[in-house]
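# Summary of the model geometry
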Amino acid sequence: MRYSPSEIESKWQKRWEEERIHEIADHVPGKENFYHLVMFPYPSGDLHIGHWYNFGPADIWARWKRMQGFNVLSPIGFDAFGLPAENAAIQRKLHPRDWTMVNITRMREQLRAMGTIYDWSREVITSDPSYYRWTQWMFEVMWKSGLAERKKVVANWCPKDKTVLANEQVIDGACERCGTIVEQREIEQWVFRITDYAERLLSDLDRIDWPERTKTMQRNWIGKSEGALIKFEIRNSTRLLEGQESEIEAFTTRPDTLFGATYMVLAPDHPLVEKLKASIENWPAVESYIQKTRQKSELERQEDVREKSGVELVGIRAINPANNEEIPVWIADYVLASYGTGAIMAVPAHDERDFEFAKKFNLPIKIVVCPHYPDTTCPILDEAYEGVGHLVGSGAFDGMPSEEAKEKIASFVGGTMKVQYRLRDWIISRQRYWGAPIPMAFCKTCAKAGRGERENMPGWFAVPEKELPVVLPELDDFLPQGDGRSPLAKAKEWLRVKCPGCDADAERETDTMDTFVDSSWYYLRYADSKNTDAFAGAAKLKSWLPVDMYIGGAEHTVLHLLYSRFFTKVLHDKGYLEFDEPFQSLRHQGILLGEDGQKMSKSRPESVVDPGALVRAYGADAVRMYLAFMGPYEQGGPWNPGGISGVTRFLDRVTKLTAGAGEKKTSSDQNNLKRLLARTVAKVGSDISEFHFNTAVSALMIFVNAWEKEPDHVDESDVRTFIRILAPFAPHLVEELWREVIGEETSAHQTDWPKPDVSLLHDELVTVIIQIEGKVRDRVELRIDASKEDVEKLVLERPKVQEWLAGKTPKQFIYVPGRIVNIVLS
Ligand code: ANZ
Ligand code: ZN
């Protein structure tokens, strides 16, 4: 008997579907539910090796979890709206929907061919009206809570795709989708006020089990700064200015350095610049600099490596409120209009960017923080000193520690302390066809009369809930209108609607939603994907959510993963969800590189590995197993085409050994192989649990090597044990061996993970993780058969543990034998 995947794989895929073993009930008596999720794919039409690398090992983990006795939900669907479908449709003269559905059909087949345990009965497709009806409903939740509004924003505009892009979708100044350089335009757009949630999005990161790197990136993205707002009076060449243009307000994180502020800088697009025009003596130079800045994206403007540039506003002076000195005012593109107040007090001695700028334009540099007080002879700086110290050159504040001086100086000049976030509101309007229409209508009559659903937005009405979904109109021409208006504006019939406020003729909103809105809640829908009365029923949400384990690419650290958290919090606040974090645990797969160690890229076809061809040549089980074996899952690495045949040989040996072992009766002597098997069961299980799939596969291989040497020492019960721990990796082959060779009636995938025979592991040591209040704090080597009492005594005596206990007595001490200790304090 040989390993012949082509004969068995499709056979078992069919049988599993007929037997519906992957359809998951919401409740199974005696089993705990576990929600395991992979990031749903975009229906590009081809499952590439990167998908396999995400989905394959994730499926191994889910299968292992199921064998631990959990009722594991592992759903899948398609993130089906978006620009690529629309662009492909325009190129090929197809409807985006048709292109999308053809691709989905192909990808379903490809996903099935992987031997995954997805519960297809719960599939979601975000472009289906039965789904986007609820996306629109979510928009209305935002609208009713005052979290959705139309706002004039300076937006990233892609001149090729003719649409607005979120900051996150601009990579190095270019459109993420098509690579065209993005322009800045001021446009009215729909935004979600995610900034209202900045503080909670930040602080709740401490409560979730996510990779530390990812949390750090979200923290930086949210970018909390504590500082002060300080007002500077301004004057022109003859007098102090009055009214609106009488002062510049600056946001600073270092009010302690105010005495060292030797000039001010306004963002070139700060509205005050225009207002000061009459007093600015070099207006043509100023105007041309403003023009130049418009062509740069914010990201470009913030790049540290760029040479500083700027223009002085000749004729304008500001007065430093700390010492009443007159200082010059400049505009420069390193100051952004959209952050803080769009104006800074420049302290070149203590801020690197200001330092470079002052050097270049010969502006005074005045030291006011001294690091080695009481020695106050400060050397001439060759770079800014950004640290803390004691104040010098600061009048009555001299000698004060700089930290203490922050509030003191701010209040001395009448400033106010202020917390500032870097996070911006989320612009969700897209001027494109293939997205969920924003379910709003605008009535001119009501707008004139000042009527509307929201006081600050006269004329605007949400489409009544019972009229949802607002279905996308049929069009033959999906190109944007060129005037920036969405192609939906071409559907004249569709556009007309009765005003919900006054019954006059009104118009529908023609923008569609950013596809990140669709994916911000899809994980909720899987719990109850066919519900027509709600996005999901409360009972089903309760039985599945939040997601217990989420697996997907690290490239989503700030977009999808932040937006989903925002949505969950809003729905929680409105009483629709009991939890307020969507993903309890998160893991990222590493990046699978080409053979040459470079990124796989369509532009270099030789670098791209086609999983379809690999499956035909080696079988899906071999591909799954090889991807698991290649290296540490969370690190990724280069694809090595040589290794896969080793896995095929391994599966072939397992096939032969199993077939040969059939007749043997139990041999109960405690030989070495039995001991090795017990150890292998324990190791493979704990390795999978920690996403160390590669070492789990090695352990399986070590056992098979030993088995081959002493086939007589492996009896039927050993074979059954081994086959089951191989099941998550090679589900098709295992099923063939389990049912056809060993002769079991029911699926191997409905059996439990074998219990390692602990009596064989007497003197075996295992590494046990010690968690205190849910966080890993220590590890300890223990005998695998140690009693709970012994473990408790040993663990509580450890210095590190004592440190974390800080004198407290644990409320609970939980020991999962051979794996983990959990200490609960409160
Ligand atoms: C004076 C100062 C002195 C500053 C000093 C720093 C060091 P974060 O931490 O990122 O919030 N700033 C304020 N608004 C800005 C804008 N719109 N564009 C560019 N820079 C801006 O940074 C806050 C600091 O960045 C602020 O504190 C301000 O410079 C600058 F020794 O004010 B600081
Ligand atoms: Zn009206």
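Residues numbered from 1 in each chain as written. Chains lettered and ligands numbered in written order. Predicted model: local features only at pLDDT ≥ 70, side-chain atom pairs only at ≥ 80, totals over all residues. Heavy atoms only, no water.

The parallel open sheet is built from four strands, whose spatial order is S2-S1-S26-S27. A single partner strand is all that each edge strand has here, and the edge strands are strand S2 (70–73) and strand S27 (583–589). For this sheet, the mean angle separating the axes of adjacent strands, direction not counted, is 25°. Along the sheet face, helix H2 (residues 49–67) touches strand S1 (32–38), S2, strand S26 (547–553) and S27 and points at about 175° away from the line of S1. (Pairing = 2+ DSSP bridges. Helix = DSSP H or I, 4+ residues; strand = E, 2+ residues; numbered from the N terminus. Axes fitted to C-alpha atoms, helices over the stretch in contact; angles between N-to-C directions. Contact = heavy atoms within 4.5 Å.)

The subject of this paragraph is the sheet that holds strand S30 (residues 765–772). Pairing within the open sheet is mixed, and its four strands lie in the order S31-S30-S33-S32. Where the open sheet ends on each side, the last strands, each with one partner, are strand S31 (775–783) and strand S32 (812–816). Each strand of the sheet is rotated relative to its neighbour by a mean of 20°, with strand direction disregarded. Direction of pairing for S32 relative to strand S33 (residues 820–824): antiparallel, over a ladder of five bridges. Following the sheet pairing, Val 816 is matched in S33 by Ile 820. Its contacts with the sheet place helix H26 (residues 788–796) against S30, S31, S32 and S33, and it is angled at close to 115° to S32.

Before going further, it helps to spend a moment on the pairing of strand S24 (residues 505–508). Relative to S24, strand S21 (residues 440–442) runs antiparallel, the two sharing two bridges. Considered in S24, the bridge of Ala 441 is made with Arg 508. With three bridges connecting them, strand S23 (residues 496–498) and S24 associate as antiparallel partners. Bridging across to S24, Arg 496 finds its partner in Glu 507. The hairpin turn running from S23 into S24, its antiparallel successor, is six residues long, and Asp 503 in that turn takes a positive phi close to 75°.

The subject of this paragraph is the coordination of the zinc ion (ligand 2). Any two of four tetrahedral donors ideally make an angle of 109.5 degrees at the metal, while pairs among six octahedral donors ideally make 90 or 180 degrees. Coordination of the zinc ion (ligand 2) by the protein comes from Cys 443 (SG), Cys 446 (SG), Cys 499 (SG) and Cys 502 (SG), over a distance range of 2.2 to 2.5 Å. One chain supplies every donor for the zinc ion (ligand 2), spaced along it as C-x2-C-x52-C-x2-C. Residue Cys 443 is found in the loop between S21 and helix H13 (444–449), and its partner Cys 499 is found in the loop between S23 and S24; the two are separated by 56 residues along the sequence. Assigned by exposure class, Cys 443 and Cys 499 land together as buried. (Donors = N, O, S within 2.8 Å, 3.2 Å for Na, K, Ca; no water. Buried < 20%, exposed > 50% of the residue type's maximum accessible area, 1.4 Å probe, protein only.)

So, on to the nonpolar core. Within the largest apolar cluster, 86 residues are counted, with the highest numbers of intra-cluster contacts made by Phe 650, Ile 688, Phe 722, Leu 726 and Phe 729. For this core, the two domains that each supply at least three residues are domain 1 (32–131 + 545–611) and domain 3 (618–759). Ile 24, Leu 73, Tyr 550 and Leu 562 belong to the second largest nonpolar core, which has 82 residues in total. (Core = buried A, V, L, I, M, F, W, Y, C linked by side-chain atoms within 4.5 Å. Domains from an automatic or database assignment.)

Moving on, we come to the domain arrangement of the protein chain. Here the protein chain is described as being made up of domain 1 (32–131 + 545–611), domain 2 (226–421), domain 3 (618–759) and domain 4 (762–824). Spacing between the C-alpha centres of domain 2 and domain 4 amounts to 54 Å.

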